[in-house]
Amino acid sequence: MRRCSAIKLILAAAAAAGLAAAGYAASRPQPAQDKAQYLGSYTWTVKQPWFGGFSALKITDGGRAMVVLSDRATLVTTSIQRNQGRISGVTAHTAHGLRASTGKTLTGFASDSEGLAIAPDGSRYISFEGSARVARYHRPDGRAKVLPRPKAFRKLPRNKSLETLAIDARSRLYTLPERAYDKDGQIPVWRWNGRRWSRPFSLPPRGGFLPVDADFGPSGRFYLLERDLTLLGFRTRLRRWDITPDGPANETILLQTGPGTHDNLEGLSVWTDDSGGLRATMVSDDNFLSLQRTELVEYALPR
């Protein structure tokens with residue numbers, strides 16, 4: 001998400017107070033309420049102009065492969081090396097600049113890609129925050145097929161709109177805005193069933209956290225990654241719901257970190273490892289700033 005000027009000011013203030021180093025130190029955080037257990041972090045670096053600004057990811061192949069999306073309309077495929085289950089290396093294989101429905105490479109206002117969902121047939125669905133929309137890509141280097149845009153999407157504020165995208169076991173897409181509450185002060189959730197958009201439910205905002213990504217776990221539960229920016233650094237929260245015919249139920253806070261525990265975590269993937277354990281992998285958006293870093297963070301989740 002593009003807030004470089006504001007983030008620069010906040011990080012500079014933290015550095016001046018002697019807090020930036022502590023805020024971004026690779027310290028081992030403590031589990032939050034014994035719900036999500038920290039497994040490890042890995043700082044990923046690649047000397048390529050496309051590298052950085054990652055806002056979404058999907059982990060596949062039992063944690064050995066990753067598709068990651070930048071907020072400058074670049075989709076990257078990688079393989080992951082692990083040592084005793086922890087990430088020890090990441091190898092980038094392809095990097096595709098996303099194209100519009102006309103075939104032209106996306107640039108500027110239209111290129112602020114934020115959410116990623118992968119369908120069973122391999123299609124990539126991507127949500128965009130500048131011009132709020134969701135597009136389907138049959139191939140990473142192919143043309144976009146933009147899904148119909150409801151009136152609600154057109155009314156969303158710039159840089160506060162479709163930050164998240166998730167797909168359930170029935171291949172239905174879910175998206176929600178970063179900061180655009182409904183008339184009741186709730187976070188609206190939209191669902192695409194293959195033919196039209198609807199609003200099946202909303203979620204309650206809590207505290208200063210804002211939604212940045214979402215995913216469905218293997219059991220069908222809905223996970224929401226949230227982020228808050230303070231003078232001491234970024235805070236991260238992970239909430240979970242059961243999705244029932246009557247709407248979301250059993251809200252649980254699995255993780256809530258203090259400022260500076262991690263970098264600007266914006267992407268979430270919930271997956272099962274080879275031993276059957278449930279994991280959450282998150283990636284940070286470095287905003288293409290030297291003060292930040294691209295960090296992959298993993299937690300073990302309760303079933």
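Residues numbered from 1 in each chain as written. Predicted model: local features only at pLDDT ≥ 70, side-chain atom pairs only at ≥ 80, totals over all residues. Heavy atoms only, no water.

Participant: Which parts of the structure should I look at to understand the sheet that holds strand 5 (residues 86-97)?
Facilitator: In spatial order, the strands read 2-3-4-5; together these four strands make up an open sheet with antiparallel pairing. The sheet is open, and its two edges are formed by strand 2 (54-60) and strand 5, each paired on a single side. With strand direction ignored, the average angle separating the axes of adjacent strands in the sheet is 25°. By the bridge criterion, six bridges tie strand 2 to strand 3 (residues 65-70) in an arrangement that is antiparallel. Each residue of the ladder has a partner; that of A56, found in strand 3, is L69. (Pairing = 2+ DSSP bridges. Helix = DSSP H or I, 4+ residues; strand = E, 2+ residues; numbered from the N terminus. Axes fitted to C-alpha atoms, helices over the stretch in contact; angles between N-to-C directions.)

Participant: So what exactly am I meant to see when it comes to unusual backbone geometry here?
Facilitator: Most peptide bonds take the trans configuration, and most residues that are not glycine carry a negative phi. Backbone geometry at D61 places phi at a positive 55°, although glycine is not the residue there. Looking at the secondary structure, you find D61 in the loop between strand 2 and strand 3. Despite not being glycine, F288 has its phi angle at roughly 55°, a positive value. Among the secondary structure elements, F288 is positioned in the loop between strand 19 (278-284) and strand 20 (295-301). Judged by relative accessible area, F288 falls into the partly exposed class, the value being 30%. (Buried < 20%, exposed > 50% of the residue type's maximum accessible area, 1.4 Å probe, protein only.)

Participant: How should the environment of W192 be read in this particular structure?
Facilitator: Among the secondary structure elements, W192 is positioned in strand 12 (residues 187-192). Residue class for W192 comes out buried when judged on its relative accessible area of 8%. For the pair W192 and L147, spaced 45 residues apart in sequence, the C-alpha to C-alpha distance is 9.0 Å. Sequence-distant contacts of W192, that is, excluding residues within four places in its chain, are made with L147, P148, R172, L173 and W197. (Contact = heavy atoms within 4.5 Å.)

Participant: In this structure, what is going on with the environment of P259? I would like to understand it.
Facilitator: One can find P259 in the loop between strand 17 (247-256) and strand 18 (265-272). Along the backbone, P259 and L232 are 27 residues apart, and their C-alpha atoms lie at a distance of 5.5 Å. Not counting chain neighbours up to four residues away, the residues in contact with P259 comprise T230, L232, G233, F234 and R235.

Participant: Mind showing me how you'd approach the nonpolar core here?
Facilitator: With 17 residues, the main nonpolar core has Y223, L238, L268, M282, Y299 and L301 as its most contacted residues. Among the secondary structure elements, those contributing two or more residues to this core are strand 15 (222-230), strand 17, strand 18, strand 19 and strand 20. Dropping the residues within four chain positions of it, L301 is found in contact with A36, Y223, L238, L254, V270, L278, R279 and A280. Formed by 16 residues, the second largest nonpolar core is a distinct cluster that contains A119, A132, L156 and L165. (Core = buried A, V, L, I, M, F, W, Y, C linked by side-chain atoms within 4.5 Å.)

Participant: Looking at this model, I keep getting lost on the sheet that holds strand 11 (residues 173-175). Mind explaining?
Facilitator: What holds strands together in a sheet is hydrogen bonding between their backbones, with the strands either parallel or antiparallel. Here four strands make up an open sheet; going across it, the order is 10-11-12-13 and the pairing antiparallel. In this open sheet, the two strands that pair with only one neighbour each are strand 10 (166-167) and strand 13 (197-203). Of the pairings in the sheet, the one linking strand 10 to strand 11 comprises two bridges and is antiparallel in character. What sits directly across from I167, in strand 11, is L173.

Participant: Honestly, the pattern of salt bridges in this entry has me stumped. Any pointers?
Facilitator: Opposite charge on two side chains permits them to pair, given that their charged atoms come into close proximity. Considering all chains together, one arrives at 19 salt bridges under this definition. The residue D168 makes a salt bridge to R172 at a minimum N-O spacing of 2.8 Å. One exposure class covers both D168 and R172, and it is buried. When the shortest N-O distance is used, the salt bridge between R279 and E298 registers 3.3 Å. Of this pair, R279 sits in strand 19 while E298 sits in strand 20; the two residues are 19 residues apart in sequence, bridging distant segments of the chain. Classification of R279 as buried rests on a relative accessible area of 12%. (Salt bridge = Lys/Arg side-chain N within 4 Å of Asp/Glu carboxyl O.)

Participant: Help me understand the packing of aromatic side chains, please; the structure alone is not making it clear to me.
Facilitator: Aromatic ring pairs are defined here through the distance separating the ring centres and the angle between the ring planes. Applying the stated criterion across every chain yields a total of 12 aromatic pairs. Here the aromatic rings of Y38 and Y299 are separated by 5.5 Å at their centres, their planes lie at 70°, and the arrangement is edge-to-face. With a gap of 261 residues between them, Y38 in strand 1 (residues 37-43) and Y299 in strand 20 connect regions that are remote in the sequence. With relative accessibility at 8%, the residue Y38 sits in the buried group. One aromatic cluster is present, formed by Y174, F201, F216, F222 and W241 through successive ring pairs. Its end group placed over the ring of F288, R72 keeps NZ or CZ at 3.8 Å from the ring centre. Its end group placed over the ring of F109, R158 keeps NZ or CZ at 4.4 Å from the ring centre. (Phe/Tyr/Trp six-rings, centres within 6.5 Å; stacked < 30°, edge-to-face > 60°. Lys NZ or Arg CZ within 6 Å of the ring centre and 35° of its normal.)

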